[in-house]
Amino acid sequence: MTSTRIGPDGITRCAWVGDDAEYRRYHDEEWGRPLHGDRALFEKMSLEGFQAGLSWITILRKRPRFREVFEGFDPAVVAEFGDDDVERLMTDAGIIRNRAKILATISNARLVLEMDDGELDAFLWSFAPPTWPRPASFADVAATTPESDAMSKALKKRGFRFVGSTTMYALMQSAGMVDDHVEGCWRAVDA
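Residues numbered from 1 in each chain as written. Predicted model: local features only at pLDDT ≥ 70, side-chain atom pairs only at ≥ 80, totals over all residues. Heavy atoms only, no water.

A.B. asks: I keep staring at unusual backbone geometry and nothing clicks. Help me out?
C.D. replies: Outside of glycine, negative phi angles account for most residues, and trans bonds account for most peptide bonds. Positive phi outside glycine occurs at Glu71, with the angle close to 50°. With respect to the helices and strands, Glu71 occurs in the loop between α3 (56-69) and α4 (75-78). The exposure class assigned to Glu71 is partly exposed, which follows from its relative accessible area of 43%. Its identity is not glycine, yet Phe162 carries a phi of approximately 55°, on the positive side. (Helix = DSSP H or I, 4+ residues; strand = E, 2+ residues; numbered from the N terminus. Buried < 20%, exposed > 50% of the residue type's maximum accessible area, 1.4 Å probe, protein only.)

A.B. asks: Could you clarify how one ought to interpret the pattern of salt bridges in this entry?
C.D. replies: Enumeration over the complete set of coordinates arrives at 16 salt bridges. Arg25 is the partner of Glu30 in a salt bridge, and the nearest nitrogen-oxygen pair spans 2.6 Å. Measuring nitrogen to oxygen at the nearest pair gives 3.4 Å for the salt bridge that ties Arg158 to Glu119. Note that Arg158 is positioned in the loop between α8 (146-157) and α9 (165-174) and Glu119 in helix α7 (residues 119-125), a separation of 39 residues in sequence. (Salt bridge = Lys/Arg side-chain N within 4 Å of Asp/Glu carboxyl O.)

A.B. asks: Just to check I follow, could you spell out the packing of aromatic side chains for this structure?
C.D. replies: Pairs of aromatic rings are described using the distance from one ring centre to the other and the angle between the two planes. Evaluation of the coordinates by the stated rule reveals 11 aromatic pairs. Residues Trp16 and Tyr23 carry aromatic rings whose centres are separated by 5.1 Å and whose planes lie at 75° to one another, so their mutual orientation is edge-to-face. Its relative accessible area of 13% is what places Tyr23 among the buried residues. On the numbers, 5.3 Å between centres and 80° between planes, the contact of Phe123 with Phe127 is edge-to-face. Judged by its relative accessible area of 14%, Phe123 is buried. (Phe/Tyr/Trp six-rings, centres within 6.5 Å; stacked < 30°, edge-to-face > 60°.)

A.B. asks: What should I look at first to understand the state of the cysteines in this one?
C.D. replies: With the rule as written, the count across this model stands at zero disulfides. Here Cys14 is not disulfide-linked; the sulfur of Cys185 is the nearest cysteine sulfur, at 3.8 Å. (Disulfide = S-S within 2.5 Å.)

A.B. asks: Mind showing me how you'd approach the nonpolar core here?
C.D. replies: Side chains that are nonpolar tend, in soluble globular proteins, to be buried together. Met45, Phe66, Phe70, Leu124, Met151, Leu155 and Met177 are the most contacted members of the largest nonpolar core, which has 52 residues in total. Those elements that place two or more of their residues in this core are α1 (21-29), α2 (38-51), α3, α5 (83-90), α6 (99-113), α7, α8 and α9. Element by element, the count of residues in this core is highest for α3, at six residues. Ignoring any residue separated from it by four or fewer positions in sequence, one finds Met45 in contact with Asn108, Leu120, Leu124, Leu155, Phe160, Val163, Met168 and Leu171. (Core = buried A, V, L, I, M, F, W, Y, C linked by side-chain atoms within 4.5 Å. Contact = heavy atoms within 4.5 Å.)

A.B. asks: Just checking my understanding: could you explain the environment of Met168 for this structure?
C.D. replies: Within the element layout of this structure, Met168 appears in helix α9. Considering only alpha carbons, one finds Met168 and Met151, 17 residues apart in sequence, at a separation of 7.0 Å.

A.B. asks: Whenever I open this one, the packing of α2 against α3 confuses me. Can you help?
C.D. replies: A pair of packed helices is characterised by two quantities: the angle between their axes and the separation of those axes. It is the contact of α2 with α3, at a shortest axis distance of 10 Å, that shows an interaxial angle of 130°. Looking at the two axes, α2 sits oblique to α3. You can see that α2 and α3 cross each other, and the crossing is right-handed. Only Trp56, Ile59, Arg63, Phe66 and Arg67 of α3 make contact with α2, whose side of the interface consists of Glu43, Leu47, Glu48, Phe50 and Gln51. Tallied by class, residues from the contact of α2 with α3 come to five nonpolar, one polar and four charged. (Axes fitted to C-alpha atoms, helices over the stretch in contact; angles between N-to-C directions. Parallel < 35°, antiparallel > 145°, perpendicular 65-115°, else oblique. Left-handed = near helix turned anticlockwise from the far one by under 90°. Nonpolar A, V, L, I, M, F, W, Y, C, P; charged D, E, K, R; others polar.)

Written as structure tokens, this is what we have:
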């Protein structure tokens, strides 16, 4: 597989983007850009957890509905979800209807509330490496790193669920803690 691809708009991007317009927008405007804020990172953590075992484009297409039914991923609201909310979410075809992932999101929201304001942001970003080598190709992009292993272990120790190392590395990539835009991608130049 080639590492970059010229899109229908003539711009060279990471090849995983393909021809999907929403994927192009996500790649160009979000993926790999530093993301801060407890609520924003709670959303990202939750969506990465829902993505486990699925493709990211599936989550990206369902993200507006996820945001709606999870009340904008406001941890204070999600933490109050009860059995009726779980059943409501289990019948909503607009999201991933996985009981374990829904319950984990609610439980994780409760854990975020136990943290001081800004603590989730600082905690997650504490695992970001100070420097990151630009990957020359997809072969150079890891699925996990020592940093994502440590983040996963520390989150699990606090009681968080659906935060395995691969999932946390995906969070690190999407939240800009690491920059895995491959050489030749326009974002690799812009970053």
